[in-house]
Amino acid sequence: MNNKKRKKYINRKRKEFAWGCLFILPTMTGLIILNIIPIFQTIYQSFFKTGAFGRGNIFVGLTNYKRLILDGAVWQALLNTIKYAIAEVPISIAIALVIAVLLNEKMQGRSIYRAIYFLPMVVAPAAVSMVWKWLFNTEFGLLNHLLESIGLKSVAWISNPAIAIYSIAAVGIWSVIGYNMVLFLAGLQEIPRDYYEAAQIDGANSVQQFFNITVPLISPTMFFVVVTRIIASMQIFDSIFMMIDTSSPALKKTQSLVYLFYRYAFVENNKGYGSAIVTLLLGVIMIITIFQMVIQKKWVHYN
Amino acid sequence: MKRNEKILKSMKHVVLILGAVIMLVPFAWMILTAFKTNSEAMQINPFVIFPKEWRTEAFVNVWNKMNFIRLYANTLIMIVIRILCAVLTATMAGYAFGRLKFRGRDFWFALILFQMMVPGQIFIIPQYLMVGKVGMLNTMFSLVFPGLVTAFGTFLMRQAYMGLPKDLEDAATLDGCNIGQTFLYVMMPLTKSSMVALGIFTALFGYKELMWPLIANTEQSTMPLSAALAKIQGQYGSNFPELMAASMIACIPMIVLYLFFQKQFIEGIATSGGKL
Amino acid sequence: MKMKKVLAAILGATMTLSLAACSSGTSESETSSSDDSKSKDTKLTVAIWDSNQEAGLKEIMNDFTESTGVKVDIQVTPWRDYWTMLEAATQGGEMPDVFWMHSDQISSYAQYDDILLNLSDKIENSDKIDLANYPENLVSIYQNEKGDQLAVPKDIDTCAVWYNKKMFDEAGIEYPTVDWTWDDFREIAKKLTNPEKNQYGTAIKPGSYQESWYSTIYAYGGEVISEDKKKSGFDNPKTIEAMQLIENVIKDGSMPEYSVVAENNTEELMMAGTVAMTFQGSWMIPDLASSDFIKENCDIAPLPKGPNGTKSISNGLGWAASAQGDHTEEAWQLIEYLGSKEAQQKQAELGVTMAAYEGVSDAWKNSHPEFNMQAYLDMLNDAQAYPSSKNTQVWYQVLMERMVDSFSGAKPMDQVCKDFAAEMNQFLAEEQ
């Protein structure tokens, strides 16, 4: 009897192994070819001086990394990227959370509001960037016209090196609010109503409720949003590529690491140096992610 | 108390409406500019808000300059193939990771998690060289290539399967289903909403991708809309009515789809993050 | 190689699907079983970067298709992405059959023998093309180190000044003549500036180097790069003097704020009536001539003179063909036709560009009788070859970045020039 059961168990185990391998085979094969091998290839390539058309590659050891360490533009780009992330992530999350809380109850026009806030998510970033570039235009743009019409001075939104990165971050915020809001709405729905009712009986006002119930209970969603948004914002490229011309005085103060990577790898055909830059980005993102995993225990409340 | 509540409620609406206006202004400006002439768009004394005459010139011009039918078709084909491949592979793998116990599972799953943390640009040069080596740049193949499998989707589907009750599986096994049948007939139908979510996510991601098509699909005949917009900007510089018209033409299909399937879009995105 | 097989096996199904879905008009999809000669089924892909020329070239290509039966498909890729595209295509073995070549890029393509089709023997045997009919410096740009001809000159371009007649009239200034100097230009720009009316004398961007400030450098006797292409010319005092003239124009306030210049193309600022004078290459004419505002208000003047005379940076594109394609014979036929007197003349008549073929460009002048097109033709006599080196892109990118610093007023011009010279010398040393 016992033996039979054991046999059955082993049999089942074998079957699970076979089916399991079969089921993950397409994904894992694709993943290895498309992602895992390329990671190592990119790192490998960062030790080469690459010739045009993929020919004449020469092993140069750490030369690309030496250049990278001495290249002020790379560190400036890293700083730009971090500035962008610091501006975009917290502000977009804060605004989205407020909107989500406002929308998290039966009210008139709820679905219309939700639809409008989400709208930028379904528009191609290339189009979004063009529209904003036009709104930001120093001479002919709508924004400066509005400023001037109320008697203020016009601003070189995307040409002034001191503010251009924040203008781009504003576009990022505008684009991503809807996405964050939807995730928060889903998270809010999981908070039991009676928590709020109990708090009301205790005499807590809505601001207190927000900070004492909503924020802690939504922290798992918050954690997800923070992690994914930071990773995404560290890879900012589209809007900079589309909005900042090479003749822009703000280029140096806005180009991100990924922008530099694109320029070196595909415009100047220096794929070795491009690889070194993206390897640096990999390192930075890894450090940030590990750091977040460590500190999440401090602030994320799982039920 | 009652009055306070009323004030609070209308305050809420004021905030929400203000926000909604900010969200919509860029769209409105895009539409208004697209119907202007170039000199109207670049006139500042006086500044022109509404076009004097609603001209469709800019639309006609860009429509003639770019083969939008082709661009729509390319984008659609890419999205459909990617959805099919990604949903199929991720559902299978998600089931295996979520419900089956087998040796090596945790190792392979760690690989999935690892891929999700890595910046996507690190794959691009080798992917590009691979596609180049087999002579497939500027084809539909190169367009769909990076999106054939999805680590994120696998993760999403695993979460969906992990949330299902165990007794369903046991009942199916008692009925004599093998693992494949259990998956196909019992479990998979229960994750439909996650599959839809993944489909929508894949579609949006493919539609918005820019850098890959910018390097791998540089010919108009196989280019998707996103790269075409970048190309139009590079080509026609600062003729803003035409740029806005092109943006409108490129965005309208997705916006219409979104307005029709709003619920699925929003629930899809919610599922993609909410279940984590 | 292994990778290739794995790829093909795993993703085979998708490939078939996508191949079926893709009728990109490349050679493999053109396997219809017509019993006519082989060339009847051939479709050549032609890559260019200037959409202004597309319509005119299409017309010329149609003549070619009519006489040979070979179809031609023109693909426009903007300059910004053109070389990324071509590099990708080269690497993937999917080059367009015929394409534009530029002096910036030729050396990188010419260093390998199997990328560009070697045209030397074909030209030798051709009765349509004799290289003696094209400007010598243009012919030699497109040769490799062994002297093989890798492209046939397509056109030649020069630069000139477009000015707003109305603004000159209002300010009571005479229109520029052949004798005007860069100092005159500076003075006139100052007089035409009226910030209250949002009107400025001129707009020059770092990116309009070929049209404007490269010309200034050579007009002052300076240089961008030494003759042997080993040294930067940016530490040459004459180069610096020329660049300081540009700097002074900026300091005078004769240009709109730099952010305005950076965010808009100079021709668009001209069309908006914001600036009175801009520098435009001859390739811009189709675009400018289609604007009602320009037609009504503007005309063309020669470039100003410097101590070293008038210098117009002149460049010319070449028609090159892929050595890897399946239709190299037809590709050569097309190039032969495009370089022939007949097609060159038509190119000029249609106003596409000035022809590389000497002596037929008068026809080009008449394509827009409303403008003083002669100014561009006159500039041919003051042509200065476009400065380039083996890997121009690398230092050019940095030059643009550095110039933004001085054009925007962040750094003094002489310092920018001197610093850049050192950087450029390093790049040039690496090229060797």
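Remember, predicted model here, so these are calculated numbers, not experimental data.

Notes on the overall build of chain A
Logical step 1: On a plain count of helices and strands, chain A comes out with 14 helices and 2 strands.
Logical step 2: C-alpha extents for chain A along the principal axes are approximately 75 × 60 × 30 Å.
Logical step 3: In chain A, buried positions account for 46% of the 303 residues.

Brief notes about the overall build of chain B
Logical step 1: Each helix and strand counted, chain B has 15 helices and 0 strands in total.
Logical step 2: The C-alpha atoms of chain B give 24 Å as radius of gyration, which overshoots the globular expectation for 276 residues (19 Å, by more than 25%).
Logical step 3: For the C-alpha atoms alone, the extent of chain B along its principal axes is close to 80 × 70 × 30 Å.
Logical step 4: For chain B, the residues scored as buried account for 54% of the 276 residues in total.
Logical step 5: Nonlocal contacts in chain B, meaning residues at least 24 apart in sequence, comprise 74% of its contacts between residues at least 6 apart.

Some remarks on the interface of chain B and chain A
Logical step 1: Counting residues at the interface gives 75 residues for chain B and 76 residues for chain A.
Logical step 2: With 11 residues, helix α1 (residues 2-34) of chain B is the single largest residue contributor to the side of chain B that touches chain A.
Logical step 3: Its residues assigned to classes, the side of chain B that touches chain A comprises 55 nonpolar, 15 polar and 5 charged.

What about helix α21 (residues 413-431) of chain C?
All names here are of chain C.
Logical step 1: Its 19 residues place the ends of α21 26 Å apart at the C-alpha level, agreeing with the 27 Å of an ideal helix rising 1.5 Å per residue.
Logical step 2: For α21, the set of buried residues is Met413, Val416, Cys417, Phe420, Met424 and Leu428. The arc enclosing the buried residues of α21, seen along the axis, measures out at 95°, which places them on a common side. Those residues of α21 that are exposed and angled more than 90 degrees off the buried face are Ala422, Ala429 and Glu430.

Some points on the interface of chain C and chain A
Logical step 1: In this assembly, 28 residues from chain C lie in contact with 23 residues from chain A.
Logical step 2: Going through the elements one at a time, α1 (2-10), α4 (79-91), α12 (258-263) and α20 (392-407) of chain C are the ones with two or more residues in the side of chain C that touches chain A.
Logical step 3: A per-element tally of the side of chain C that touches chain A places α20(C) first, with 6 residues.
Logical step 4: Residue composition of the side of chain C that touches chain A, by class: 13 nonpolar, 10 polar and 5 charged.

A word on the environment of Phe107(B)
Residue and element names in this part refer to chain B.
Logical step 1: The topology assignment puts phenylalanine 107 in helix α5 (residues 105-117).
Logical step 2: Classification of phenylalanine 107 by C-beta neighbours within 10 Å gives exposed; the count is 8.
Logical step 3: Taking C-alpha positions, phenylalanine 107 is 37 Å from alanine 227, a pair spaced 120 residues apart along the chain.

What to know about the domain arrangement of chain A
Logical step 1: Per the domain assignment, the segments making up chain A are domain 1 (2-45) and domain 2 (63-299).
Logical step 2: Computed from C-alpha coordinates alone, the two centres of domain 1 of chain A and domain 2 of chain A are separated by 37 Å.

Quick notes on the domain arrangement of chain B
All names here are of chain B.
Logical step 1: By the assigned domains, chain B splits into domain 1 (2-57) and domain 2 (60-274).
Logical step 2: If you look at the interface, domain 1 gives 10 residues, while domain 2 gives 9 residues.
Logical step 3: Within the residue set of the side of domain 1 that touches domain 2, elements represented by two or more residues are α1 and α2 (38-41).
Logical step 4: In terms of residue count, the dominant contributor to the side of domain 1 that touches domain 2 is α1 (4 residues).
Logical step 5: When grouped by side-chain class, the residues that make up the side of domain 1 that touches domain 2 number 4 nonpolar, 4 polar and 2 charged.

Basis of the calculations
Position numbers for residues count from 1 along each chain, tracking the sequence in the order it is written. The naming scheme follows written order: chains are lettered A onward, ligands numbered 1 onward. Reporting in this predicted model follows two pLDDT cut-offs: at least 70 for local features of residues, and 80 or more for side-chain atom pairs to be given and counted; totals over whole chains, interfaces and linings ignore these cut-offs and use all residues. Each helix corresponds to a stretch of at least 4 residues labelled H or I by DSSP, and each strand to a stretch of at least 2 residues labelled E; elements are numbered beginning at the N terminus. Using C-beta atoms placed from the backbone, we call a residue buried if 20 or more other C-beta atoms fall within 10 Å of its own, exposed if 12 or fewer do, and partly exposed for counts in between. Note on method: radius of gyration uses C-alpha positions; expected globular size equals 2.2 Å times residues raised to 0.38. It is the C-beta atoms, placed from the backbone, that decide contacts: two residues are in contact if theirs lie within 7 Å. Residue type decides the class: Asp, Glu, Lys and Arg count as charged, Ala, Val, Leu, Ile, Met, Phe, Trp, Tyr, Cys and Pro as nonpolar, and the leftover types, Gly among them, as polar. Between the first and last residue of a helix there are one fewer steps than residues, each counted as 1.5 Å, and that sum is the expected span. By construction, the arc corresponds to the directions joining the helix axis to the C-beta atoms. Domain delimitation in this document rests on an assignment produced automatically or drawn from a domain database.

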